[in-house]
Amino acid sequence: MKIGRTLRTLQHLRPTQVVGRAKRVITSRLDASRPHWWVSRVQAGADATLRASWRPQWPQTPRPLAQPMLDDSKPIVCGQNLQTSLLEVNFDAEHLSALAQVNLHAFHFLPTSFERPDQARAVVDAWIARYPPTVQPAWSPWCIARRVPGWLRLLSCHPDVGDEQRLQSLGRQVEALSTRIEFDLQGNHLWDDAVALYLAGLALDSKRSSAWQATGKRLLHQAIVKQVLPCGGHAERSVMYHCSLLVGLLELMAGLEVAGQPDVVVSECADSMARWLERILPLSGADPEFNDAVAGLYPTAHQVLTAAWRAGLGSASIEPEHTDNLDGWALSRQGSHYLLLDAADVGLDEQPGHAHADTLCLDWRVAGQPILVDPGIAEYAADPHRAWSRSTRAHGVLTLGDLDSAEVWHTFRVGRRPQDVQSHGPRPVAVPVGQAWSMTGSHDGYRHLTGAPIVRREVMVWWLDDINALLWIADSVDGLPVEMTSRMTFSSELQLDADQIRGAASGGWLAFGFDEHQLAQGRVSGGVGSWKSAPVVVGRGTSRHSGWVLSVGDKVQTARESAEVEVAWQGKMIASLPSPDTPHSQRVWSLC
C-alpha cells in the first residue's frame, strides 16, 4: 500500500522536480564533505553594496510575527515563548517548533517600520556571527528568500556605517540562493526564490547582480503563467498563501519603480491577484481558511488588499452584493452574509503540499457571524494534529468508509487526488422573500472503491434579510450504498443544544438528514500553535442520501415534517423544502 501511495504521488512530478531533487541530495552530501568549497562558492556575492539611489516606498503590510521591541526579554514567535531576547536566543533551540525555527531564520519578526533600527541591526549582526554559510535551516533556500526583503527594507530605510558587513552577508546569501533554487518543490517556494533574486538584483550592486535579476525575472514570469489561475487566484487555493505571494509582488513593484524598470507581467499579475481578493472575501471578518491557512502567520487578506489599493491595484472596493465562480470556488456574498463552496481541484498537480482532503467544504456566515467553518491548521509538524487537519473527517463533507477523498499523507504529500466531475453555480432561485442561490459540486475521490462512487453536494442558500438566512445542504453518492459520515464544524463562538444553535445574534435551528447523529466537541485553529474547542455535529448513515438544513435569525422558523422542511417567515409559511436525505428524483420544492 505504501509503495502504491508513493507511486501515485510521484507520477505527478515534473522532470525538473526529479532533477532538482537529485541535485539537492547530491549537493547537500558534497557540501557536508567539503564545506569550504561551498563557502568559497558563495563568496561571489560578497562584493554587494546597496545602490545609492535605491530607496523604495515599501508597502506597509503588517507582519503578525513582528516584535516592536526586538530587545524584549521574552518575545513570542509562532505561539512560542523564546525565553530570552532575540539577540541571545538560539533560533535552532530544541524547545522551538520547526515552524518557529524557520520563521525566526526568515526574520519574519522584523517590523515593517523600525522605531529602533539599532535593535534590528543588532539582531542581524548577531545572526551573521552565529550562523555562517552551510548551517541549516538558516541558509536553506526558503529562509534566505523570505529573509532578503526584510533585510533590504532595513538597510534601505536606515543606512548605517556598519552596513558593509551586513551587505556582504546578504550578497553571500543571495548567491547561495541562486545555487539552490527550489526546482524540486515548485509552488510558493519557487515563487519566493524568484522574487528574492529579482529584488536583490535590483537593489544590490555586485558583479552578480545582473545574473540574479535575470534569473529571478525569468523564473517569476514562468511561475506566474503556471501558478496563477485565469480568475486571478493562486493555484494552491489557499487565501493565506495567495496573500503572502501578493505581498512579495508588492515589494518587488516598489523596487522596480525606484529602479525605473517597470515590469508589466508583474504589475498585471498583482492587479489580477488583488481583484481576486475583492471577489472572494467577505466584507469583514476572518479570512476563509480552506487548505493550509492559519491566522497570525501572515498579514490578513484585508490588510494585503488595502496595501494593494494603495499601490493603485484592483478597483479599491469590495462589492457588497456579489456572486461568482472562481475556478471551482462558488461564492454568494450579500452584504454581511457570506457563503463559499470549494468544488475545485486540490491544487497544483506537481505541488499540492498545502492541500487538504476537503473538496465540497463550506464557509457560511450570517450577518458577519461565522456559522459553519473550516478548522484551518495550527502547525506544520509531522504529527497527528497535522494529519487530522488535512483529512476529510476534519471538514464538513461526506467521508465514505472513514477514508479520505484525497490521499493526503506525511506532512505535504498527496497521492490519489479527486477530480471535479460536474459543478454549477451560483444560480439564482426564485423565492418569495429575499434572495436565494443554488450551487452544486461533485468529485470522484472515492473512485477506487467498489462501484466507483461519485460524491455530490447540492446547496441552496437563502438570504431572507439582514439577519435571517437559511442553508439547505443535500449530499448524495452515486454508486453502491456505503457507510457515510459527515462532521459539520461550527464556529467556536456558538453552542449547540439538541436542534438549537445558540450564540448567533438571533439564534438558529438545525435539521439532520442522517440515520443517526450526535453532538460532539471538535476543534478549530486558534492561531499559530494553538487550537480552540468548537461544537461539531456528526451524522452517520448507510443510504445514498443525507444532508442538513440550518436557519439563523429571529423571523425565520423551520420545522421538519416527515420528508419535508417547512419554512415560515414572520409566522407565515413561505416554502416547503424537500428533506436533504430525499433522493434527487423525488424532491419536490414548494415556494409559496
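Analysis parameters
Residues numbered from 1 in each chain as written. Predicted model: local features only at pLDDT ≥ 70, side-chain atom pairs only at ≥ 80, totals over all residues. Heavy atoms only, no water. Helix = DSSP H or I, 4+ residues; strand = E, 2+ residues; numbered from the N terminus. Rg over C-alpha atoms; globule rule 2.2 N^0.38 Å. Buried < 20%, exposed > 50% of the residue type's maximum accessible area, 1.4 Å probe, protein only. 1 Å grid on protein atoms, 1.4 Å probe; cavity = no way out; pocket = protein on both sides within 12 Å on 5 of 7 lines; lining within 4 Å. Points joined across faces, edges and corners; volume = space filled by probe spheres on them. Nonpolar A, V, L, I, M, F, W, Y, C, P; charged D, E, K, R; others polar. Core = buried A, V, L, I, M, F, W, Y, C linked by side-chain atoms within 4.5 Å. Contact = heavy atoms within 4.5 Å. Pairing = 2+ DSSP bridges. Axes fitted to C-alpha atoms, helices over the stretch in contact; angles between N-to-C directions. Salt bridge = Lys/Arg side-chain N within 4 Å of Asp/Glu carboxyl O. Parallel < 35°, antiparallel > 145°, perpendicular 65-115°, else oblique. Left-handed = near helix turned anticlockwise from the far one by under 90°. Polar contact = N/O pair within 3.5 Å; in protein donor to acceptor, adjacent residues only side chain to side chain.

1. Considerations on the overall build of the protein chain
Here's step 1: Along the backbone of the protein chain there are 13 helices and 27 strands.
Here's step 2: Relative to the globule expectation of 25 Å for 592 residues, the C-alpha radius of gyration of the protein chain, 26 Å, shows essentially globular dimensions.
Here's step 3: C-alpha extents for the protein chain along the principal axes are approximately 80 × 50 × 45 Å.
Here's step 4: Here the protein chain holds 592 residues, and 59% of them are scored as buried.

2. Focus: the layout of surface pockets
Here's step 1: In this structure, the largest pocket occupies an estimated 1200 Å³ of space.
Here's step 2: If you trace the largest pocket, you find 41 residues lining it, with Leu 185, His 189, Gln 351, Phe 412 and Arg 413 closest to the centre.
Here's step 3: For the lining of the largest pocket, the elements supplying multiple residues, two or more each, are helix H1 (2-10), helix H2 (15-33), helix H4 (98-105), helix H6 (141-157), helix H8 (187-203) and strand E12 (413-414).
Here's step 4: Partitioned by chemical class, the residues of the lining of the largest pocket number 20 nonpolar, 12 polar and 9 charged.

3. Quick look at the nonpolar core
Here's step 1: Formed by 149 residues in total, the largest nonpolar core has its most connected members in Trp 191, Leu 277, Trp 364 and Phe 490.
Here's step 2: In contact with Trp 191, not counting residues within four places along its chain, are Leu 220, Ala 223, Ile 224, Gln 227, Val 228, His 234, Leu 245, Leu 249, Cys 269 and Met 273.
Here's step 3: Residues Val 431, Trp 462, Ala 575 and Leu 577 belong to the second largest nonpolar core, which totals 19 residues.

4. Points about the sheet that holds strand E10 (residues 398-400)
Here's step 1: Spatial strand order, E10-E17-E22-E21: 4 strands in an open sheet with antiparallel pairing. The sheet is open, and its two borders are formed by E10 and strand E21 (516-525), each paired with just one other strand. This sheet shows a mean twist of 30° between the axes of neighbouring strands, independent of strand direction.
Here's step 2: Across 3 bridges, E10 lies against strand E17 (residues 484-489) in antiparallel orientation. By the bridge assignment, Leu 400 is partnered in E17 with Met 484.

5. Details of the sheet that holds strand E13 (residues 424-429)
Here's step 1: With antiparallel pairing, 8 strands are arranged side by side in an open sheet as E13-E14-E15-E16-E23-E20-E19-E18. The open sheet has two edge strands with one neighbour each: E13 and strand E18 (495-497). Pairs of neighbouring strands in the sheet enclose a mean axial angle of 20°, with direction left out of account.
Here's step 2: When E18 meets strand E19 (residues 500-502), the two strands line up antiparallel, connected through 3 bridges.

6. What to know about the pattern of salt bridges
Here's step 1: If you walk through the whole model with that rule in mind, you get 26 salt bridges.
Here's step 2: Asp 118 serves as the salt-bridge partner of Arg 116, at 3.0 Å between the closest nitrogen and oxygen.
Here's step 3: Of the residues examined, Asp 118 reaches a relative accessible area of 38% and is grouped as partly exposed.
Here's step 4: In the salt-bridge network here, residues are joined through shared partners; they are Arg 121, Asp 125, Asp 160, Asp 163 and Arg 166.

7. Regarding the packing of H8 against helix H10 (residues 239-259)
Here's step 1: The geometry of H8 relative to H10 is characterised by a closest axis approach of 10 Å and an angle of 15° between their N-to-C directions. Taken together, H8 and H10 sit at an angle that is classed as roughly parallel. H10 is crossed by H8, and the crossing has left-handed handedness. Contacts between H8 and H10 involve Asn 188, Trp 191, Asp 192, Val 195, Tyr 198, Leu 199 and Leu 202 on the former and, on the latter, Tyr 241, Leu 245, Gly 248, Leu 249, Glu 251, Leu 252, Gly 255, Leu 256 and Ala 259.

8. Things to note about empty space enclosed by the protein
Here's step 1: Following the criterion strictly, the structure yields 6 cavities of 30 Å³ or more and no others.
Here's step 2: Each pocket or cavity is described by its volume, and for the largest cavity that value is around 280 Å³.
Here's step 3: Along the wall of the largest cavity there are 21 residues; nearest its centre are Arg 63, His 108, Arg 146, Val 247 and Glu 251.
Here's step 4: Elements represented by at least two residues in the lining of the largest cavity include exactly H6, H8 and H10.
Here's step 5: In terms of residue class, the lining of the largest cavity is built from 11 nonpolar, 5 polar and 5 charged.

9. Side note on the side chain of Ser 491
Here's step 1: As for its position among the elements, Ser 491 is in the loop between E17 and E18.
Here's step 2: A relative accessible area of 5% places Ser 491 in the buried class.
Here's step 3: When neighbours within four sequence positions are excluded, Ser 491 is seen to be in contact with Gln 369, Pro 370, Ile 371, Val 373, Ala 534 and Pro 535.

10. Looking at the environment of Arg 502
Here's step 1: By secondary structure assignment, the location of Arg 502 is in strand E19.
Here's step 2: In sequence terms Arg 502 and Ala 430 are 72 residues apart; their C-alpha atoms lie 30 Å from each other.
Here's step 3: At 3.5 Å, the side chain of Arg 502 forms a polar contact with the side chain of Asp 497.

11. What to know about unusual backbone geometry
Here's step 1: In this chain, Gln 136 is followed by Pro 137 through a cis amide linkage whose omega measures 5°.
Here's step 2: Relative to the elements of secondary structure, Pro 137 occurs in the loop between helix H5 (117-130) and H6.
Here's step 3: Unusually for a residue other than glycine, Gln 186 sits at a positive phi of about 60°.
Here's step 4: By the element assignment, Gln 186 lies in the loop between helix H7 (163-179) and H8.
Here's step 5: Its identity is not glycine, yet His 410 carries a phi of approximately 50°, on the positive side.
Here's step 6: Inspection of the secondary structure assignment puts His 410 in the loop between strand E11 (408-409) and E12.

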